[in-house]
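# Summary of structural features
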Amino acid sequence: MFTYLDAFHPDEAYVRGLKEHYQSGGLGDGTTKKILEECLQELLAPIRTQRAEYLNDKGLLLDILRKGSEVSREKSESVLYDVKEAFGLNLF
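Okay, so let's go over this structure.

For helix H2 (residues 12-24), built from 13 residues, the straight-helix expectation of 18 Å at 1.5 Å per residue is met to within 8% by its first-to-last C-alpha distance of 18 Å. The residue sitting at the N-terminus of H2 and contributing the capping side-chain oxygen is aspartate 11; that oxygen lies 3.2 Å from the backbone nitrogen of alanine 13. Positive phi shows up at glycine 25, right after H2, with a value of about 100°.

Below you can see the structure in the form of structure tokens.
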């Protein structure tokens, strides 16, 4: 649990205090899990908001997906060319 708090909670001093309180007793797993859950909900809130905006604008979403596909296709073709070149397979 504290591994996740270390990774995601923005206040290192607060997490350090929680660890000390937990180790000395008086702070249970339930409370610690609730703190972690609140932290993760705050972290995910802007992601969920952005997702909702994309889902409400299907045209924008499709445009983003189209552009991403084009970029990945170009990069894939470049890598494939380099691999074929390395193995002497660019015959045409």
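So, about the pattern of salt bridges. Applying the stated criterion across every chain yields a total of three salt bridges. One salt bridge connects aspartate 6 with lysine 19, and the closest N-O pair in it is separated by 2.9 Å. Note that aspartate 6 is positioned in helix H1 (residues 2-8) and lysine 19 in helix H2, a separation of 13 residues in sequence. Taking relative accessible area as the criterion, lysine 19 reaches 26% and is therefore assigned partly exposed. A salt bridge links arginine 66 to aspartate 63, with the shortest nitrogen-to-oxygen separation between them at 3.7 Å. Within this pair, arginine 66 and its partner aspartate 63 are both found in helix H4 (residues 58-86), separated by three residues, close to a single helical turn. Classification of aspartate 63 as partly exposed rests on a relative accessible area of 28%. One connected set of salt bridges, linked through shared partners, spans Asp63, Arg66 and Lys67.

Definitions and limits used
- Residues numbered from 1 in each chain as written.
- Predicted model: local features only at pLDDT ≥ 70, side-chain atom pairs only at ≥ 80, totals over all residues.
- Heavy atoms only, no water.
- Helix = DSSP H or I, 4+ residues; strand = E, 2+ residues; numbered from the N terminus.
- Expected span 1.5 Å × (residues − 1).
- Polar contact = N/O pair within 3.5 Å; in protein donor to acceptor, adjacent residues only side chain to side chain.
- Salt bridge = Lys/Arg side-chain N within 4 Å of Asp/Glu carboxyl O.
- Buried < 20%, exposed > 50% of the residue type's maximum accessible area, 1.4 Å probe, protein only.

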